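What the coordinates show
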Amino acid sequence: MRTFDVVIIGSGIAGGLLARQLRLACPDLGVLVLEAAAAMEDYKVGESTVEVAASYMVRRLNLGTYLYQHQLPKNGLRFFFDSPGKDLPLPRMSEIGSDHMPFHPSFQLERARLERDLVAMNRAAGAEVELGAKVVDVVIDGRGRHKVVYEQGGERREVACRWVCDASGRRHVLFRKLGVKVHKETRLNTAAAWGRYRGVAGLDAITDVAWRSRARYTARHLSTNHFMYDGYWIWFIPLAGDLMSVGVVFDKDRVGEGNAPAGALPGPRTRAEFERFLGAHRAVRELLEGAELEDFQSYAHLPYHAERYFSTDRYAVTGEAGAFTDPFYSPGSDFIATSNEFITQMILSDVAGDRAGFEERVAAYDAYYRFKYDSTLRLYERMYPVFGCFELYRLKYLLDFNNYYNLVLWPFMADRVTDVRWIREELRFTDLVLRALSTMGEHFASLAGDLRARGEYFAQNEGRFANGLNGVAQLETRLGPTIDEGFRREQVDRAYGSVFAALVERRLGERGLSDRARLVSELKLPQVLTFRDITPARLSRVLERIGERMTRELRGEFPGAGVERVELGAGGEVSVVGPAAGSAAHAEVLARARALWDASAGSLAHVAL
């Protein structure tokens, strides 16, 4: 019986990247990859990467040259918003997106080609890759060697190994053999349908000068393009060659099923339904005119999770073999990057004979991966009712993008993610992070319902443009190997304060609130979490606290003026009690109070690039 250090089940993107990482990290490791498919030809979903995965592939796996030569660079995420009748032409739709390539790279992957190329790369690096090798049994022996049984070419074969890593995707080969429960997620009820089109002219084929110039003629075609609707979104992702990935992800509770609103489109399940669904949207229909649908696939339910992902019995799962949340924001390859980093460090600790360090890593990594799943799920949990509203989603994206760059990408680039001490520190804030995600999700969903009731949900969906890089431009020169924890905390408070102040202003109809420095600085994350509801009474209490602070400041600046208190009104009114009305002292103190109250916060919600 042949023996290996590591057997990887599956040579898709998760397994292929893991094999490459292991061989790069430890060239002496014996690595066997068993892939059930006889040829890597399946056009899998999950073509769009974001910055963590890109950093992993470029820095850790040295794939930068390959990606630029054989795949497509990505021009960030881009979002378009439509009328209630779904009849706006693309140049009239409101848009969120960059007007130049983002400062951190990411890529659009033609998965079949990448996975074929990884097979060749891994074989050249010394890994054994067997195609047409279907794993039929796995026996885990925590005290000795594991056994993996597979069928290939009509023959049954067995190998022994120290580690088994499952990258088999939704087949869950290892968990099925071990009887580990994979839980269907109930907090997010989404499904998807997609296909690849050939002959799509692309967004850059549109020649409207005003529309192209508002994005400075940057390549919208290279973006992951999202067409945003209440309860669902449609993606357009370009692939190398003449292929365009097009798909629909929908909340089954809002789109033609269950409690969906009357008249809602039915969620597409079949190829014919998929084409009819896309055709009901003018901009999408016009982009696909003359194109040919080459293939079609669908998932009836998207999110799921397991109770653990890594074990001291020397097995692990990566990619969709373990968990999946939702394709919005393209987090799938980020999960792969994180789990592969963890698996590599666990294997290296085990091979080095560091039992205590190995067990410590398994416990920390498993806890963090479960937290990563839960936090990502909560990010999406209440988003679908917000998607169709440019006004609201602009704020949601601003917050999410800032938090991703600051709290997720930066630690990954600084190689903190595999540091057990750093992970333990991060896990101390688990409850705070999850509460923040849930609280903000509730506020956004509630305001979306309020705007629907007012008839204002679609009010800004035509003719507007927001630069998607607004919320992260200040991080461009900061991201790197050194983390500035003070700056990170400031960014968290600035992002939450900016966005929440804008939500308060919109909810209560009080214009001019959201860029006041005193209000934004008062709404740090801990204070935001105290808002269960956004009400006039709750805002009044905040204004009273700000007024008390300003009173103390003015007493210090004008000790002889007799300042008793400063009173603030939500509409921008400022009054000073104490100095005699009409006196020079009163005029001087009031002018200073108004200057303090009118000072700009430089709110991220108002920053323009």
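As the structure is a prediction and not an experimental result, all values here were calculated from the model. In this convention, every chain numbers its residues from 1, walking through the sequence in written order. Since the coordinates come from a predicted model, pLDDT governs what is reported: local features require at least 70, and pairs of side-chain atoms require 80 or more to be given and counted, while whole-chain, interface and lining totals use all residues. For side-chain calculations, the full set of non-hydrogen atoms in the structure is used, while hydrogens and water are omitted.

Another aspect to go through is empty space enclosed by the protein. Detection works on a 1 Å grid of protein atoms alone, calling trapped sets that fit a 1.4 Å probe cavities and calling open sets with protein on both sides within 12 Å along at least five of seven lines pockets, with lining residues defined by an atom within 4 Å of a point. Grid points are joined across faces, edges and corners, and a volume is the space filled by probe spheres set on the points. Taken as a whole and judged by the stated rule, the model has 4 cavities of 30 Å³ or more. Estimates place the volume of the largest cavity at around 90 Å³. Together, Ile 96, Tyr 393, Arg 394, Tyr 397, Leu 398, Ala 466, Asn 467, Gly 468, Asn 470 and Gly 471 line the largest cavity. When residues of the lining of the largest cavity are traced back to their parent elements, those giving at least two are helix H11 (390-413) and strand S20 (465-467). Secondary structure counts use DSSP, requiring at least four H or I residues in a row for a helix and at least two E residues in a row for a strand, with both numbered from the N terminus. When residues in the lining of the largest cavity are grouped by element, the largest group, 4 residues, is from H11. Of the residues in the lining of the largest cavity, the class split is 5 nonpolar, 4 polar and 1 charged. When its volume is computed, the second largest cavity comes out at roughly 60 Å³. In this classification, the charged set is Asp, Glu, Lys and Arg, the nonpolar set is Ala, Val, Leu, Ile, Met, Phe, Trp, Tyr, Cys and Pro, and all remaining amino acids, among them Gly, are polar.

With that settled, consider the layout of surface pockets. Within this model, the second largest pocket holds a volume of roughly 960 Å³. Forming the walls of the second largest pocket are 50 residues, and the residues nearest its centre are Lys 44, Val 45, Arg 111, Tyr 299 and Glu 320. Counting only elements with at least two residues in the lining of the second largest pocket, the list comes to helix H1 (13-25), helix H4 (111-124), strand S12 (190-198), strand S13 (224-229), strand S14 (232-239), strand S16 (292-299) and helix H9 (332-351). Ranked by residues supplied to the lining of the second largest pocket, first place goes to H9 with 4 residues. Looking at the lining of the second largest pocket residue by residue, the class counts come to 23 nonpolar, 16 polar and 11 charged.

Working rule for helices: expected span equals 1.5 Å times residues minus one. The end-to-end C-alpha distance of helix H13 (residues 430-454) is 36 Å, a good match for the 36 Å that 25 residues give at a rise of 1.5 Å each. Of the residues one or two after H13, Gly 455 is the one with positive phi, at around 75°.

What follows covers the pattern of salt bridges. By definition here, a salt bridge exists when the distance from a side-chain nitrogen of Lys or Arg to a carboxyl oxygen of Asp or Glu is within 4 Å. Under the criterion given, the structure shown has 45 salt bridges. A salt bridge links Lys 44 to Glu 115; the nearest nitrogen and oxygen atoms lie 3.0 Å apart. Within this pair, whereas Lys 44 is found in the loop between strand S2 (31-35) and helix H2 (51-60), its partner Glu 115 is found in helix H4, the two being separated by 71 residues in sequence. Note on Lys 44: relative accessible area 23%, which makes it partly exposed. In this structure, Arg 507 and Asp 450 form a salt bridge, with 3.4 Å as the shortest nitrogen-oxygen distance. Here Asp 450 lies in helix H13 and Arg 507 lies in helix H14 (residues 485-508), a separation of 57 residues in the sequence. Only protein chains enter the accessibility calculation, which uses a 1.4 Å probe; a residue is then buried when its area is under 20% of its type maximum, exposed when over 50%, and partly exposed in between. Overall, Arg 507 belongs to the partly exposed group, its relative accessible area being 24%. Members of the salt-bridge network, linked through shared partners, are Glu 391, Asp 450, Arg 454, Glu 456, Arg 506 and Arg 507.

These figures come from the coordinates and say nothing about function on their own.
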